[in-house]
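Notes for the structure review
These are the residues of each chain, in order.
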Amino acid sequence: MNAPATVEARTDQGGRSETWTIRRLLSWTSDYFGRHQVIDARLASEVLLAHAAQCRRIDLYTRFDSILEPERVECFRGWVRRASAHEPIAYLVGQKEFFSLSFKVTPDVLIPRAETETLVECVLDHCGKAGLTHPQLLDLGTGSGCLAIAALVHLPAATAVATDVSAAALEVARFNAARHGVSDRLTFVEADRLALPAEVVPEGGFDILMCNPPYIPASTMDKLDAAVRDYEPSLALTDGAEGLSFYRTIAADGAELLAADAMIFVEIGDGQAQAVVEVMTAAGNFEHRQTRKDRVVGQERVLAFTMKRAADGSDGKG
Ligand code: GLN
């Protein structure tokens with residue numbers, strides 16, 4: 001068992017604490033972060049301090065008058081310095097919560113966003129409605145693995161293939177799959193976009209393709225928050241063009257990999273819905289079915305497509 005990282009604060013004779021209690025550290029750091037434009041200053045302070053004190057964030061509140069051991073204060077100070085220079089909190093603590101699951105993150109992977117939970121909700125809703133008990137999922141550009149892993153945790157008989165062009169990202173995703181007990185149902189493939197080896201494609205095709213692609217237009221990268229632009233992998237943020245090229249790839253090559261009644265769920269950036277619908281339907285393989293807003297910022301966030309059925313009732317693959 002770890003030694004406790006906090007001890008009770010001693011008070012001076014006047015009863016006033018001159019030491020850095022949890023309470024003082026939190027209030028000082030929140031103010032400091034506020035002055036340095038760190039996003040969600042109070043939350044950021046709590047996450048870092050809980051990590052330094054090796055406790056849950058909620059436990060800070062029961063230890064308000066405790067003091068942190070000096071070596072922990074040193075660690076905390078270092079992280080505060082780095083966070084105030086906009087290094088993402090999730091990279092500093094090496095974790096991010098997504099869909100109520102804790103994911104390991106490193107600078108090799110995009111930090112899972114709360115908005116992206118919408119995509120998992122779409123997948124789970126669809127499987128429920130369509131009565132898919134053993135769906136076979138494809139996650140294109142998996143990064144930390146958050147989409148595929150969250151879906152598998154909630155679909156206990158599903159299997160998935162997750163691809164990424166980055167071997168370093170796949171290593172993180174493999175760790176996360178093991179952490180959440182889904183490694184035996186999840187196959188990772190180092191592949192560029194949809195260039196999958198035939199042996200990982202299920203007979204009859206995948207039932208669901210999900211993808212949170214790098215959709216930020218290259219021309220707007222410099223407008224991103226410094227924490228995103230300077231620290232997250234640009235490979236996961238932008239395609240170096242207008243942010244639509246992954247949708248083009250899916251539109252052109254997706255149908256070959258999918259079952260006739262498959263669904264495609266893609267995340268989109270702000271204001272991209274119309275452009276993505278156009279790109280996805282241009283080749284004539286897919287039809288737009290649904291647009292879902294996220295609950296975080298209320299933007300159109302996920303588009304759903306189905307395979308277009310040919311007039312003769314075939315799936316149009318031939
Ligand atoms: N949603 C991320 C952001 O706003 C971008 C992720 C992506 O390009 N898929 O920074």
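Residues numbered from 1 in each chain as written. Predicted model: local features only at pLDDT ≥ 70, side-chain atom pairs only at ≥ 80, totals over all residues. Heavy atoms only, no water.

With respect to the overall build of the protein chain
Put simply, the rule reads: Secondary structure elements follow DSSP: runs of H or I no shorter than four residues count as helices, runs of E no shorter than two count as strands, and numbering proceeds from the N terminus. Buried means the residue's accessible area, taken with a 1.4 Å probe over protein chains only, is under 20% of the maximum for its type, while exposed means over 50%, and partly exposed covers the values in between. By definition, residues are in contact when any of their heavy atoms lie within 4.5 Å. For the accessible areas, the method is Shrake-Rupley and the probe is 1.4 Å, while residue cover comes only from the protein chains on display. His is not counted, nor are the chain ends; Lys and Arg add positive charge and Asp and Glu add negative charge. Charged groups are reduced to one reference atom each: NZ for lysine, CZ for arginine, CG for aspartic acid, CD for glutamic acid.
What the protein chain contains, in helices and strands, is 11 helices and 11 strands. When burial is assessed residue by residue, the protein chain has 50% of its 318 residues classed as buried. Of the contacts formed within the protein chain by residues at least 6 apart in sequence, a portion of 66% connects residues at least 24 apart. Entry remark: accessible area of the protein chain is about 15,400 Å², with carbon and sulfur atoms responsible for 50%. Of the charged side chains in the protein chain, 32 are positive and 44 negative, and the gap between their average positions amounts to 6 Å.

Topic: the site of the ligand
Worth spelling out the cut-off: If a single non-hydrogen atom of a residue is within 4 Å of a molecule or strand, that residue counts as near it. Two N or O atoms count as a polar contact when they lie within 3.5 Å, although within protein this holds only if one can serve as hydrogen donor and the other as acceptor, and sequence-adjacent residues are included solely when both atoms are side-chain atoms.
Within the structure, the ligand sits among Leu110, Arg113, Asn212, Pro213, Pro214, Tyr215, Ile216, Val228, Ala236, Leu237 and Glu267. In the model, a nitrogen atom of the ligand is placed 2.7 Å from a nitrogen or oxygen of the Asn212 side chain. Side-chain polar atom of Tyr215 to a nitrogen atom of the ligand: 2.9 Å apart, as the coordinates give it. In isolation the ligand has 290 Å² of accessible area, and contact with the protein removes 88% of it.

What about the packing of aromatic side chains?
This is how it is decided: In this analysis, rings of Phe, Tyr and Trp, with Trp reduced to its six-membered ring, are considered paired at centre separations within 6.5 Å, and the interplanar angle assigns stacked below 30 degrees, edge-to-face beyond 60, and tilted for intermediate values. Criterion for a charge above a ring: Arg CZ or Lys NZ at most 6 Å from the ring centre, at most 35 degrees from the ring normal.
Taken as a whole and assessed by the stated rule, the structure comprises five aromatic pairs. Here the aromatic rings of Trp20 and Trp28 are separated by 6.2 Å at their centres, their planes lie at 85°, and the arrangement is edge-to-face. Its relative accessible area of 31% is what places Trp20 among the partly exposed residues. Seen from their ring centres, Tyr61 and Phe64 are 5.2 Å apart, and the 50° between their planes marks the pair as tilted. Here the aromatic cluster, defined as three or more aromatic residues joined through ring pairs, consists of Trp20, Trp28 and Tyr32. Lying across the ring of Phe246, Arg193 places its NZ or CZ 4.0 Å from the centre.

Considerations on the packing of helix 2 (residues 41-52) against helix 3 (residues 70-84)
Our working definition: Here, axes are lines fitted to C-alpha atoms. For helices the fit covers the stretch in contact, and angles between N-to-C directions go from 0 to 180 degrees. Geometric relationships in this document are graded by angle, where less than 35 degrees denotes roughly parallel, more than 145 denotes roughly antiparallel, 65 to 115 denotes roughly perpendicular, and other angles denote oblique. Handedness of a crossing follows from how the near helix is turned relative to the far one, being left-handed for an anticlockwise turn of less than a right angle and right-handed for a clockwise one. For this scheme, ten residues count as nonpolar: Ala, Val, Leu, Ile, Met, Phe, Trp, Tyr, Cys and Pro. Four count as charged, namely Asp, Glu, Lys and Arg, and the remainder, Gly too, count as polar.
One can describe the packing of helix 2 onto helix 3 by two numbers: an axis separation of 9 Å at closest approach and a directional angle of 150°. Comparing their axes, helix 3 and helix 2 come out roughly antiparallel. Helix 2 and helix 3 meet at a crossing whose hand is right-handed. Contact residues: helix 2 offers Ser45, Leu48, Leu49, His51 and Ala52, while helix 3 offers Arg72, Phe76, Trp79, Val80 and Ala83. Residues that form the contact of helix 2 with helix 3 fall into these classes: seven nonpolar, two polar and one charged.

Overview of helix 10 (residues 245-253)
For helix 10, every residue scored as buried is listed here: Ser245, Phe246, Tyr247, Thr249, Ile250 and Ala251. In this fold, the buried residues of helix 10 make contact with strand 5 (136-140), strand 8 (206-211), strand 9 (258-267), helix 11 (273-282) and strand 10 (286-293).

So, the confidence of the model for the protein chain
As a reminder, the rule being used: Think of pLDDT as the predictor's per-residue confidence, scored from 0 to 100.
Looking at the protein chain as a whole, the pLDDT averages 92, with 92% of positions reaching at least 70. Segment residues 11-17: pLDDT under 50, and five contacts once partners within four positions in sequence are set aside and those in other chains are kept.

A closer look at the nonpolar core
Most often, soluble globular proteins have nonpolar side chains that are buried together. To be explicit about the condition: Among buried residues, the Ala, Val, Leu, Ile, Met, Phe, Trp, Tyr and Cys ones that are joined through side-chain atoms within 4.5 Å form a nonpolar core.
By size, the foremost hydrophobic cluster in this structure holds 40 residues, and its most contacted members are Tyr247, Ile250, Ile264, Val266, Met280 and Phe286. Broken down by secondary-structure element, the contributors of at least two residues to this core are strand 5, strand 8, helix 10, strand 9, helix 11 and strand 11 (300-307). Residues within four places of Ile264 in sequence aside, it is in contact with Leu209, Ile250, Leu258, Met280, Phe286, Leu303, Ala304 and Phe305. Leu101, Ala151, Leu186 and Phe188 belong to the second-largest nonpolar core, a separate cluster that totals 33 residues.

Quick word on the sheet that holds strand 10
Filter applied, for reference: At least two DSSP bridges between two strands are required for those strands to pair.
Taken in spatial order, the seven strands line up as 7-6-5-8-9-11-10 in an open sheet, and their pairing is mixed. The open sheet has two edge strands, strand 7 (186-190) and strand 10, and neither has a second partner. Pairs of neighbouring strands in the sheet enclose a mean axial angle of 20°, with direction left out of account. When strand 10 meets strand 11, the two strands line up antiparallel, connected through seven bridges. Bridge pairing in strand 11 places Phe286 opposite Met307. Across the sheet, helix 10 touches strand 5, strand 8, strand 9 and strand 10, and the angle it forms with strand 9 is around 175°. Relative to strand 11, helix 11 is tilted by about 15°, and along the sheet it contacts strand 9, strand 10 and strand 11.

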